[in-house]
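Understanding the architecture of this molecule
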Amino acid sequence: MTALLMRDLRLAFRAGGGFGLGLAFFLILAVLVPLGVGPEPQTLAVIAPGILWVGALLACLLSLDRIFALDFEDGSLDLLATAPVPLEAAVSIKALAHWLTTGLPLVLISPVLGLLLFLPAEAYVWLIVSLGVGTPALSVIGTFGAALTVGLKRGGLLLSLLVLPLYIPTLVFGAEVVSRGAMGLAVNTPLALLAGITAGAVAILPFASAHVLRINLR
Amino acid sequence: MASFWEYANPLKFMRTTDWLLPIVATAAVLVTATGLIWGFFFTPDDFRQGSTVKIVFIHVPAAMMAINAWVMMLVASLVWLIRRHHVSALAAKAAAPVGLVMTLIGLVTGAVWGQPMWGTWWAWDPRLTSFLILMLFYLGYIALWSAIDDPDTGADLTAVLCLVGSVFAVLSRYAAIFWNQGLHQGASLSVAPGTRMDWAYKAPLYTCMVGFGLIFLTLVLAGTRTEIRARRMKALVARERMA
Amino acid sequence: MVLNVRDLACARGGLPLLEGVSFSVTSGAALVLRGPNGCGKTTLLRTIAGLQPALSGEIDCPPDAIAYAAHADGIKATLTVAENLRFWAAIYGTCETSTALERMNLCALAERAAQNLSAGQKRRLGLARLMVTGRPVWVLDEPTVSLDVASVALFGDVVRAHLAGGGMAVMATHIDLGLPEAEILDLTPFKARLPETGSGDFDEAFL
């Protein structure tokens, strides 16, 4: 298990592993939005929570198809499925590796991008908290989507179409936490709901992912 | 007494729908036509909304069937996952495009109705938003079916997607309610029709609902028959190759 | 320990391919599957490995006994040979990789990134993976593809040592591994026949 995690992290950090692509995408988005919307701090401050959350979501999406596709191509996935590690655990580990290489860096860099978008000062802590609580759900749901489309040609586009609707509740509650935080309102309710979605997804979706993965390997 | 599951046999299903389908189709046309003509021409204009209210006779049944179609797909997917009846999986496949079209009809008639009533084609009202999201789920489901070659793999994967999607669709519905209340408190556009609906409207509306239900049934039965024939054809080609 | 396969039928892409396959392999024995391309060797091996369900029949095998090696070796290009091997050793809960490296003649390549290996060297790494699994039943699909004569002999020795140590092997191969004791099973007679059509009706499975 640890070995699988370490291998996936090592693969991500080695040359060609794609680490940092999502981060760069997130950064570019935060630069492009003001260029498109205009430089007024008031306007940007209003849309900043939404842009940051949508950006995090898209950055996450960008690296999803790598979760299983590479292992599928070189045969590792067949071998993993016959290995003594339960496939459910392997799937969870892969989601964790994806979060550590994509979600966590996004959480850490988000305050800097908040600065670019004139995010109100009160909202920073909630931006970090909401992304910290919400991005694991993005990785787990994305892993399910990646497992669904693993053997398919043109899987990448289909993956976005399948996964993005599943991201809606996370996005709504996550962005809501930040915008309420920005207005100085209580954030308990959306934060609790966001945490609930993450907890539920982490608990249940690996079973669904492992199931569809087995079907795809058959 | 024949068991219900016997109809899960493709042959039995085809034989039964052979005579059932024309009856259901005729009933669908008759009931829907009755309901619509009744609704459009033999109901009084609403004192507030005028004659525009009559679009309700298409809008509400379509919206209702859009949701029911997904529920039917969910049940059919469960039946496939648990009992492995091919007809069930194919019925779910056949229902998806019908559900998608119903969702579209619901959205379009809603926009047409909303324009004179609210002065806008679209509002990010929770109910409207939920329907837009439902449409995305239908699109994903149909796209996944069409992307997979092997029919059994396709049935398995789409069934799991349907289950997971249902959970997230319900979550999205509540998220949409929460989201709009949270941002635009007070600025509400009530879409609830029939809050004080008279029987003069209710009777034709119910007729239309039954009619749309029958239309859905007709299309799903016809679609399932097509899918069964398509699979049969695949199987025959495979036989040729094996022999 | 015995691997028993009784009356096994398996399918590929929804089409029945093999039926009535029965054999049993005991400790120290090897079974070589033969048959023309497309006769279902890979499908049978995947079924035995548990990657796909059998249509019917039984596979009796002690749990956690099978190590499967497919056409693709599951090698990560950016990891070194030793890292690749250590990963699989850790997954199977065995930590010893040096013997395997030595036996497959990979010691000199241990620190080289797998992307710089030749096809035959990759194949040797893939087979070294089998040795670190510590599993008694090897299920091998064309293990000698892209190996040179010396490496084939090397691999034959490894398999013989594995058998001598009480292991067993089921493999699909066209090359003589120099295992005269290996039993040979030709899969051609087990080709699935067309199901009866009956009166042109179709049944539950459409076939």
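How each quantity is defined
Residues numbered from 1 in each chain as written. Chains lettered and ligands numbered in written order. Predicted model: local features only at pLDDT ≥ 70, side-chain atom pairs only at ≥ 80, totals over all residues. Heavy atoms only, no water. UniProt positions renumbered as here; feature names shortened; annotations may be inferred. Helix = DSSP H or I, 4+ residues; strand = E, 2+ residues; numbered from the N terminus. Buried < 20%, exposed > 50% of the residue type's maximum accessible area, 1.4 Å probe, protein only. Contact = heavy atoms within 4.5 Å. Areas by Shrake-Rupley, 256 points an atom, 1.4 Å probe, with all protein chains shown as cover. Buried area = accessible area lost by both parts, 1.4 Å probe. Salt bridge = Lys/Arg side-chain N within 4 Å of Asp/Glu carboxyl O. Polar contact = N/O pair within 3.5 Å; in protein donor to acceptor, adjacent residues only side chain to side chain. Nonpolar A, V, L, I, M, F, W, Y, C, P; charged D, E, K, R; others polar. pLDDT = per-residue confidence, 0-100. Pairing = 2+ DSSP bridges. Core = buried A, V, L, I, M, F, W, Y, C linked by side-chain atoms within 4.5 Å. Lys, Arg positive; Asp, Glu negative; His and termini not counted. Axes fitted to C-alpha atoms, helices over the stretch in contact; angles between N-to-C directions. Right-handed = clockwise from strand over helix to strand, strands pointing away.

The name an unreviewed UniProt entry assigns to chain C is Heme exporter protein A, from the organism Roseinatronobacter thiooxidans.

Under an unreviewed UniProt entry, the name given to chain B is Heme exporter protein C, and the source organism is Roseinatronobacter thiooxidans. As its UniProt record puts it under Sequence similarities (unreviewed entry), chain B is described as follows: "Belongs to the CcmC/CycZ/HelC family." Quoted verbatim from the Function (unreviewed entry) field of UniProt, the annotation for chain B is "Required for the export of heme to the periplasm for the biogenesis of c-type cytochromes."

Moving on to the overall build of chain B. Counting secondary structure elements, chain B contains six helices and zero strands. Secondary structure elements of chain B, listed N to C terminal, follow the sequence α-α-α-α-α-α. Within the span of chain B, comprising 243 residues, buried residues form 50% of the whole. Relative to all contacts within chain B whose residues are 6 or more apart in sequence, the contacts with residues 24 or more apart total 79%. Approximately 11800 Å² of chain B is accessible, and the part contributed by carbon and sulfur atoms is 69%.

This part is about the UniProt feature "transmembrane region" (unreviewed entry) in chain B. Residues and elements named next belong to chain B. According to UniProt, the feature "transmembrane region" (unreviewed entry) maps to residues 20-42, 62-82, 94-116, 128-148, 160-179 and 199-224 in the numbering used here. When the span residues 62-82 is considered, its composition is 100% helix and 0% strand, and the gap between its end C-alpha atoms is 30 Å. With 100% helix and 0% strand, residues 160-179 has end C-alpha atoms that lie 28 Å from one another.

On to the interface of chain B and chain A. Each side of the interface is counted separately: chain B has 27 residues, and chain A has 27 residues. Summing both sides of the interface, chain B and chain A together bury roughly 2300 Å²; the carbon and sulfur share of this comes to 82%. Ranking the residues of chain B by area buried against chain A places Leu157, Phe168 and Phe178 of chain B at the top, with a combined share of 26%. Summed over the shared surface of chain B and chain A, the number is one salt bridge. With its nearest N and O atoms 2.9 Å apart, the salt bridge here joins Asp156 of chain B to Arg218 of chain A. Where chain B touches chain A, the interface holds one residue pair in polar contact (both at pLDDT 80 or more). Mapped by element, the contributors of at least two residues to the side of chain B that touches chain A are α4 (126-147) and α5 (151-183) of chain B. Here the element with the most residues in the side of chain B that touches chain A is α5 of chain B; it accounts for 16 residues. Grouping the constituent residues of the side of chain B that touches chain A by class yields 19 nonpolar, five polar and three charged.

With a phi angle near 55°, Phe118 of chain A is a residue other than glycine that sits in the positive phi range. Mapped onto the secondary structure, Phe118 of chain A falls in the loop between α6 (87-116) and α7 (123-148). The class of Phe118 of chain A is partly exposed, set by a relative accessible area of 40%. Unusually for a residue other than glycine, Arg84 of chain B sits at a positive phi of about 55°. Within the secondary structure layout, Arg84 of chain B lies in the loop between α2 (56-83) and α3 (86-118).

Moving on, we come to the confidence of the model for chain B. Residue and element names in this part refer to chain B. Model confidence for chain B is summarised by a mean pLDDT of 84, while 90% of its residues fall at 70 or above. α5 is the least confidently modelled element of chain B, averaging 86 in pLDDT, while α2 averages 92, the highest of any element. For residues 182-194, every residue scores under 50 in pLDDT, and the model assigns this stretch 15 contacts once sequence neighbours within four places are set aside.

With that out of the way, let us pick up the pairing of strand β3 (residues 30-34) of chain C. All names here are of chain C. Summarising burial for β3: four of the five residues are buried, a large majority. The pairing of β3 with strand β7 (residues 168-172) spans four bridges and is classified as parallel. In the strand pairing of β7, Leu33 is matched with Ala172.

Bringing the nonpolar core into the picture now. Ranked by internal contacts, the top residues of the largest apolar core, which has 183 residues, are Phe144 of chain A together with Phe23 and Leu44 of chain C. Of all the elements, helix α8 (residues 155-183) of chain A adds the most residues to this core, at 13 residues. When near neighbours in sequence (up to four residues on either side) are disregarded, Phe23 of chain C contacts Leu3, Asn4, Val5, Leu31, Leu44, Ile48, Val170 and Leu185 of chain C. Core analysis: the next-biggest nonpolar cluster, separate from the first, contains 11 residues, Ile55, Phe57, Tyr201 and Met209 of chain B among them.

Attention now goes to the side chain of Asp125 of chain B. Residues and elements named next belong to chain B. Topologically, Asp125 is positioned in the loop between α3 and α4. Of the side chains bearing the opposite charge, Arg127 lies closest to the buried Asp125, which forms no salt bridge; the N-O distance is 5.2 Å. A polar side-chain atom of Asp125 sits 2.8 Å from the main-chain amide nitrogen of Arg127.

Further remarks concern the interface of chain A and chain C. Each partner contributes residues to the interface: chain A has 22 residues there, and chain C has 24 residues. Carbon and sulfur atoms make up 64% of the area that chain A and chain C hide from each other, which totals about 2000 Å². Counting the contacts that link chain A with chain C gives four salt bridges. One salt bridge connects Asp74 of chain A with Lys76 of chain C, and the closest N-O pair in it is separated by 2.9 Å. Breaking the side of chain A that touches chain C down by element, the ones donating at least two residues are α1 (2-13), α4 (66-73) and α5 (76-81) of chain A. Class assignment for the residues of the side of chain A that touches chain C results in 12 nonpolar, three polar and seven charged.

A few words on the sheet that holds strand β4 (residues 56-60) of chain C. The strands that make up a sheet pair up through hydrogen bonds in the backbone, lying either parallel or antiparallel. All names here are of chain C. Pairing is antiparallel across the open sheet formed by three strands, whose spatial order is β2-β1-β4. The open sheet is flanked by β2 (15-26) and β4, the only strands paired with a single partner. Strand-to-strand twist of the sheet, defined as the mean angle between neighbouring strand axes without regard to direction, takes the value 20°. Taken together, the eight bridges between strand β1 (residues 2-12) and β2 define a ladder with antiparallel strand orientation. Its bridge partner being in β2, Asn4 is matched across the sheet by Ser24. Packing against the sheet, helix α1 (residues 41-49) makes contact with β1, β2 and β4, and its axis sits at approximately 125° to β1.

Residue and element names in this part refer to chain C. Summarising burial for β7: five of the five residues are buried, a large majority. Side chains of β7 alternate between two faces, with Met168, Val170 and Ala172 and Ala169 and Met171 buried alike. Pairing between strand β6 (residues 137-141) and β7: five bridges, direction parallel. Looking across to β7, one finds that Val139 is bridged to Val170. A crossover connection joins β6 to the parallel β7 through helix α5 (residues 149-164); in handedness this β-α-β unit is right-handed.

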